Structure formats: structure tokens, C-alpha cells
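# Working through the structure, step by step
Chain by chain, the residues:
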Amino acid sequence: MPDVSEPSEPSEPKYTHGHHESVLRAHRTRTAQNSAAYLLGSLAPGLRLLDVGCGPGTITADLASIVAPGRVTAIEPVPEALELARACAVERDQHNIDFVVADVHALQFGDNSFDVVHAHQVLQHVADPVTALAEMRRVCKPGGVVAARDSDYAAFAWHPASTQLDDWLRLYRDAARANGGEPDAGRRLLAWAHAAGFTDVTPSVSATCYATPAEREHWGGMWADRILHSAIAEQLLSRGVADQAKLQAISRAWRDWAGHPDGWLAIPHSQILCRG
């Protein structure tokens, strides 16, 4: 699993979530089936695929198994993040993945290098999503596909109502924008693709629902921990937009929501398949 030399001065903004255990706990539940189903019909053995922002590598490894004996190139802007995906590949004994430090705004790969370019929940975090998509388009072969999926935080919906969870959403969106991202990326994907030069775009939407006791415990418990211990907590406290008491109240609200028999949460995800 070779590495490629690191690019200089990547332009990626600060990653809002960080890599605390509470973040990885959620990201490691992602699979190609639950997070990239819209792309699977475009995949076949032998294709070469670029996975932008591979995270802990669970989706990457799934995609690699589908395109084998083709190869997957997995990229992250910092080496530490790639170690998570590398560990996943080793655990799954998946040998057709290359790990590369790269900035999606200025990819070091040649034109027409990949059959498929994929980014899951990435464009909401980058400094310039149009430039990122244009680069993804450049390295994709003619007749290939560029795929992206991003959620839309402003469209999250939950029950029962909670002023503390309202505070959570407001603080998260504020933090994401302070870090140079766009938390309401989902509604903008089609416009970004058009601005990047794509003329053949298939848009769609899917949703994740957390409503069973196990699902609520997963999401609510994860955010109850994340709002106190992950990078976003540090960012909110350092900027002075929330204090420890506020974060504790939000954490309790997530645990209360998780334990409520009527607790319900819907998260919409916009998806685009781009050609040309």
C-alpha cells in the first residue's frame, strides 16, 4: 500500500469534528450500502477509484472490495487521518488501496486518472467546494463518474422539541462556518456541480432516521460525548460562544432525547452523480 509524497501547503480548513473517539464511533458505522448506495450501480470490478476524504476507511474498504482487482486511492489532507483508514484496510485484509496525503483543491494526480471519484460528507468541510469538484472532474476519465453526498444541517428534524438541541444546531452551524465550511451543503450540491463545469448531473436525496432505542442510543450517546470532548467542544469554548454549562446542558439533552420513547431524528442527504 504505497504512499505518495505530501503536497505543500494544503488549503483545507480546520475540520470541525476532529478525530475524537466519539466522532470515529459514528464514522465507523458507515458502509458503502448505507452511505453510497446511489453510487453502487456505477461500480464494477477493475475500475480505478479515488476516495476523497476517506476518514476511518469503512466505506473505502467496501468500495475497494467491489472494484477489485481495480485499485482505490484513498486521500486525506493530513497523514494522521490516513492512519485510521490504513488500519481498517489491514484489519479487513484489503490490499488494493493506496493511501495518499492530498489536498482536494489541488490534486497531484494527472488528468483522466480515475474511472470514479467519490466524496462522502466532504464538500461541507472544504474551503472551496466548486474548486474541489472541478479538480475531481479533472482527474476523472471521460465517461467516468464523480459522486458526492452531503447532509444539510438546517434541514435536520427531531422530536420532541428541545431548546437545548436548538442551541446545539445553532452552535454547530456557527462552528462549521467559522472553520471555513458550509454545514447546509446538501441543498447546494447541484449548484456547486454546475459551477464546476458539469453539464450531466443526476441529483437525488436519501435520509437517515434514528428512532429505535438502539438508533437513538447510538446517535444521542455519540453527540452527548462529542459536544463535551471532541474538537467542536474545544472550538466553541475557545471562541467564547459557549461555556461548559451550556455544553453540559446540550449533552444532557441528547441523552434525554435518546431515552425518550417517542424520540425521532431525520437527517437528509443530498447526492449527485456527475458526468462530463
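Residues numbered from 1 in each chain as written. Predicted model: local features only at pLDDT ≥ 70, side-chain atom pairs only at ≥ 80, totals over all residues. Heavy atoms only, no water.

Any two aromatic rings considered together are summarised by their centre-to-centre distance and by the angle between their planes. The full count for this structure, using the stated rule, is twelve aromatic pairs. Ring geometry for Tyr153 and Tyr172: centres 4.2 Å apart, planes at 20°, overall stacked. With Tyr153 in the loop between strand 6 (140-151) and strand 7 (157-159) and Tyr172 in helix 7 (residues 163-178), this residue pair connects regions lying 19 residues apart in the sequence. Note on Tyr172: relative accessible area 1%, which makes it buried. A ring pair is formed by Trp168 and Trp223, whose centres lie 5.2 Å apart and whose planes are at 75°; its orientation type is edge-to-face. Of the two residues, Trp168 sits in helix 7 while Trp223 sits in helix 9 (residues 213-229), which places them 55 residues apart along the sequence. Of the two residues, Trp168 and Trp223, neither departs from the other in class, the shared state being buried. Through successive ring pairs, a cluster of aromatic residues spans Tyr153, Phe156, Trp158, Trp168, Tyr172, Tyr210, Trp219, Trp223, Trp254 and Trp257. Its guanidinium or amino end placed over the ring of Trp223, Arg226 lies 4.5 Å from that ring's centre, counting from NZ or CZ. (Phe/Tyr/Trp six-rings, centres within 6.5 Å; stacked < 30°, edge-to-face > 60°. Helix = DSSP H or I, 4+ residues; strand = E, 2+ residues; numbered from the N terminus. Buried < 20%, exposed > 50% of the residue type's maximum accessible area, 1.4 Å probe, protein only. Lys NZ or Arg CZ within 6 Å of the ring centre and 35° of its normal.)

In this structure, Leu50, Val52 and Val117 are the most contacted members of the largest nonpolar core, which totals 30 residues. Elements with a minimum of two residues in this core: strand 2 (49-52), strand 5 (114-120), helix 6 (129-139), strand 6, helix 8 (189-195) and strand 9 (264-275). Element by element, the count of residues in this core is highest for helix 6, at four residues. Residues contacting Val52, with those up to four places away along its chain left out, are Ile75, Val104, Val117, His118, Ala119, His120, Val122 and Met136. Core analysis: the second largest hydrophobic core is formed by 29 residues, Tyr172, Trp219, Ala242 and Leu265 among them. (Core = buried A, V, L, I, M, F, W, Y, C linked by side-chain atoms within 4.5 Å. Contact = heavy atoms within 4.5 Å.)

With numbering matched to this structure, UniProt assigns "domain: Methyltransferase type" (unreviewed entry) to residues 50-147. Helix makes up 36% of residues 50-147 and strand 29%, and the two end C-alpha atoms of the span are 10 Å apart. (UniProt positions renumbered as here; feature names shortened; annotations may be inferred.)

Now for the packing of helix 9 against helix 11 (residues 244-259). In the contact formed by helix 9 and helix 11, the axes pass within 8 Å of each other and the chain directions differ by 175°. Classed by the angle they form, the pair helix 9 and helix 11 counts as roughly antiparallel. Between helix 9 and helix 11, the residues in contact are Arg216, Glu217, Trp219, Gly220, Gly221, Trp223, Ala224, Asp225, Ile227 and Leu228 and Gln244, Leu247, Gln248, Ile250, Ser251, Trp254, Arg255, Trp257 and Ala258, respectively. Of the residues in the contact of helix 9 with helix 11, the class split is ten nonpolar, five polar and four charged. (Axes fitted to C-alpha atoms, helices over the stretch in contact; angles between N-to-C directions. Parallel < 35°, antiparallel > 145°, perpendicular 65-115°, else oblique. Nonpolar A, V, L, I, M, F, W, Y, C, P; charged D, E, K, R; others polar.)

Moving on: the pattern of salt bridges. Per the stated rule, a full pass over the model turns up 15 salt bridges. In this structure, Glu135 and Arg138 form a salt bridge, with 2.8 Å as the shortest nitrogen-oxygen distance. Here Glu135 pairs with Arg138, and both are found in helix 6, just three residues apart, close to one helical turn. When its relative accessible area of 13% is taken as the criterion, Glu135 is described as buried. On the basis of relative accessibility, which here comes to 25%, the residue Arg138 falls in the partly exposed class. Arg239 is the partner of Asp174 in a salt bridge, and the nearest nitrogen-oxygen pair spans 2.9 Å. Of this pair, Asp174 sits in helix 7 while Arg239 sits in helix 10 (residues 231-239), placing them 65 residues apart in sequence. (Salt bridge = Lys/Arg side-chain N within 4 Å of Asp/Glu carboxyl O.)

Moving on, we get to the pairing of strand 3 (residues 72-76). Both faces of the sheet carry side chains from a regular strand, because those side chains alternate between them. The buried count for strand 3 comes to five of five residues, which makes it a mostly enclosed element. Burial of the side chains of strand 3 extends over both faces: Val72, Ala74 and Glu76 are buried on one face and Thr73 and Ile75 on the other. Where strand 2 lies against strand 3, four bridges are found, and the strand directions are parallel. By the bridge assignment, Asp51 is partnered in strand 3 with Ala74. Running through helix 4 (residues 58-67), the crossover from strand 2 to the neighbouring parallel element strand 3 is right-handed. (Pairing = 2+ DSSP bridges. Right-handed = clockwise from strand over helix to strand, strands pointing away.)

As a further point, take helix 7. Each turn of an α-helix holds 3.6 residues, which means side chains three or four residues apart point in the same direction. When the terminal C-alpha atoms of helix 7 are compared, their 22 Å separation across 16 residues agrees well with the 22 Å that a helix rising 1.5 Å per residue should span. All of the buried residues along helix 7 are Leu165, Asp167, Trp168, Leu169, Leu171, Tyr172, Ala175 and Ala176. Where helix 7 is buried, its residues meet strand 7, helix 9, helix 10 and helix 11. The N-capping residue of helix 7, defined by a side-chain oxygen 3.3 Å from the backbone nitrogen of Gln164, is Ser162. One or two positions beyond helix 7, positive phi appears at Gly180, with a value near 95°. (Expected span 1.5 Å × (residues − 1). Polar contact = N/O pair within 3.5 Å; in protein donor to acceptor, adjacent residues only side chain to side chain.)

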